[in-house]
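A structural walkthrough
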Amino acid sequence: SISSIDATIQFEDGLDANLAYVIRNDNEVKEKNNILAIEAGYPLKLGEARIIPYARVERYTENDGKDKFTDYHFSVNRLIRPNLKGVITYEMIDKGTGGNDESRMTVAADMGF
């Protein structure tokens, strides 16, 4: 079974923030794990450029709460044209004591037709 709370708040100036908390009970393997995620983005106009910095932090458990992880996501979105967006993202995963932390950087372009 899954139980969750999800909240979104948007301000007139463009700040967009979300909070989610999810609890998952798996009766087959008798595990209970959870995740707490907080994210926010804020549009900026720098001259002609429209840029949206974005951040998300996720704290979650696995293995019946014994393994704890924290993910950090930071990105900058650049709206190049109405149908073209460039994105640079950095993600770091903290795997707690004894885990091998991971990080990665992604560069992407999104185009809509």
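Scroll up to find the structure this text is about.
Residues numbered from 1 in each chain as written. Predicted model: local features only at pLDDT ≥ 70, side-chain atom pairs only at ≥ 80, totals over all residues. Heavy atoms only, no water.

For P53, the position within the fold is in strand β5 (residues 49-62). Expressed as a C-alpha distance, the spacing of P53 and D101, which sit 48 residues apart in the sequence, is 24 Å. The contact partners of P53, leaving out residues within four places of it in the chain, are A40, G41, Y42, L44, S75 and V76. (Helix = DSSP H or I, 4+ residues; strand = E, 2+ residues; numbered from the N terminus. Contact = heavy atoms within 4.5 Å.)

Summarising the element assignment, S4 is placed in strand β1 (residues 2-10). As a C-alpha pair, S4 and I52 span 48 residues in sequence and 28 Å in three-dimensional space. S4 has contacts with Y21 and V22, leaving out every residue within four places of it along the chain.

Honestly, it's all geometry; don't read function into it.
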